[in-house]
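Structural characterization, general
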Amino acid sequence: MTSPEAEQGAGAAGETQVTPEEGAARPEGGAVAPDDGAARSDAGAPEADGTAPRPEERLERAVRAAEQALIEYEIAVETFRVEVENFSRLHHQKLGPMYARLDELDAQIAEARAARTGDPEDLRKADEARARVMPMPGVEELFHGWMDGDGLFPEAAAMLTEQPVRPPQRVRPSDEARKLYRELARKAHPDLAPDDTERARREEFITRVNAAYARGDEPLLRELAEEWAKGPVPAERGPSRSEELYARLEWLAQRKELLSLVAKELEEGAIGSMLRLAPDDPDRLLDEIAEQLLGDVKRRERELAELLGQ
């Protein structure tokens, strides 16, 4: 697992990367940042007949390079978001029962200690420990099985978003799934649409691609690749006015800044911080945490047995 910043800097083997020479400026951290300086070397290159390109043509090249740079960055952010989301869900599925067992043992230990000492402070701590274990009263009954104190059930969330309930099997989708996803994202990205109709078609298609990738569904990604290959070929974008090109460059830069904020939030969150502990094998990290929690459970059980005189 690599963060969007690191992935943009390193790149995946065998993949086409947008480099500074090709037109993308790299800010601090290694992420691709499209700006009005994109494609400086390419934009200033002479034409085949030796003449200098017109300013509008240079702008058009800069926009295209910046678009590709932004797409690469969006791919990096989305792949990292999927890993963070999958890790969070698997963390809850695999380790949730252990955390619940630890909370229950902590409550029992506090209660046993309070019963032995009768100290008001121990009694208060016992009440607090038990309160942490008790579920939020009435929520599940109020929402008729749609949610509890921890939020919406997966089935309810799936119904609301019209997505099937298919929990991930691993944190990181397979290499083949990652390759298929990247190829589809680059070919079908909505930002490459020449008009609103084509953008709508691409947005609907990319939504299905993202959902398949989040589940690591290789067969479905292959089907989507075949579907896209058979689809209509959009018309080539004609030359734009200079004002439109400048506006486009500004929008691309703003979009990149928004993505940078998303990436920063993912990386600095609790799950993102945990993933940085195992960049090469995030699934293994779950097993390591599980082993640690099992050790904690056994220690708590011994402590409780001693307090109860067993």
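Residues numbered from 1 in each chain as written. Predicted model: local features only at pLDDT ≥ 70, side-chain atom pairs only at ≥ 80, totals over all residues. Heavy atoms only, no water.

1. Some details on the environment of Ala290
You can see Ala290 is positioned in helix 12 (residues 282-307). On the basis of relative accessible area, Ala290 is assigned to the buried category, the value being 15%. Separated by 191 residues in the primary sequence, Ala290 and Tyr99 have C-alpha atoms spaced 9.8 Å apart. Apart from residues no more than four positions distant in its own chain, Ala290 is found in contact with Leu95 and Met98. (Helix = DSSP H or I, 4+ residues; strand = E, 2+ residues; numbered from the N terminus. Buried < 20%, exposed > 50% of the residue type's maximum accessible area, 1.4 Å probe, protein only. Contact = heavy atoms within 4.5 Å.)

2. Regarding the nonpolar core
By size, the foremost hydrophobic cluster in this structure holds 23 residues, and its most contacted members are Val84, Phe87, Leu95, Val171, Leu275, Leu286 and Leu293. The set of elements that each furnish at least two residues to this core consists of helix 3 (55-117), helix 11 (270-275) and helix 12. Here the element with the most residues in this core is helix 3; it accounts for 10 residues. Once residues lying within four places of it in the same chain are set aside, the contact partners of Leu286 are Phe87, Leu90, His91, Lys94, Leu95 and Val171. Val82, Ala177, Ala185 and Ala214 belong to the second-largest nonpolar core, a separate cluster that totals 18 residues. (Core = buried A, V, L, I, M, F, W, Y, C linked by side-chain atoms within 4.5 Å.)

3. Considering the confidence of the model for the chain
Residue-level pLDDT values for the chain average 75, and 69% of them are 70 or greater. Per-residue pLDDT, averaged within each element of the chain, yields its smallest value for helix 5 (residues 139-142) (44) and its largest for helix 9 (residues 218-230) (92). Here residues 9-43 scores under 50 on pLDDT; set against residues more than four positions off or in separate chains, the count is 69 contacts. Low pLDDT (under 50) marks residues 138-149, which in the prediction has 18 contacts with non-local residues, meaning those over four places away or in another chain. (pLDDT = per-residue confidence, 0-100.)

4. Quick word on helix 7 (residues 175-188)
With 14 residues, helix 7 extends 20 Å between its outermost C-alpha atoms, agreeing within 8% with the 20 Å of an ideal straight helix rising 1.5 Å per residue. Listed as buried for helix 7 are Ala177, Arg178, Leu180, Tyr181, Arg182, Leu184, Ala185, Arg186 and Ala188. (Expected span 1.5 Å × (residues − 1).)

5. Section: the packing of aromatic side chains
One pass over the structure, following the stated rule, counts two aromatic pairs. Each ring, one from Tyr181 and one from Tyr213, has its centre 4.4 Å from the other, and the planes form 20°; the classification is stacked. Of this pair, Tyr181 sits in helix 7 while Tyr213 sits in helix 8 (residues 196-214), and the two are 32 residues apart along the sequence. By the burial criterion, Tyr181 is buried, and Tyr213 matches it. Between the aromatic rings of Phe205 and Trp228, the centroid separation amounts to 5.0 Å while the plane-to-plane angle is 40°, which identifies the pairing as tilted. (Phe/Tyr/Trp six-rings, centres within 6.5 Å; stacked < 30°, edge-to-face > 60°.)

6. Remarks on the environment of Asp119
Tracing the backbone through its elements, the reader meets Asp119 in the loop between helix 3 and helix 4 (120-133). You can call Asp119 partly exposed: its relative accessible area is 33%. In this structure the side chain of Asp119 is engaged in a polar contact, spanning 2.8 Å, whose partner is the backbone nitrogen of Glu121. (Polar contact = N/O pair within 3.5 Å; in protein donor to acceptor, adjacent residues only side chain to side chain.)

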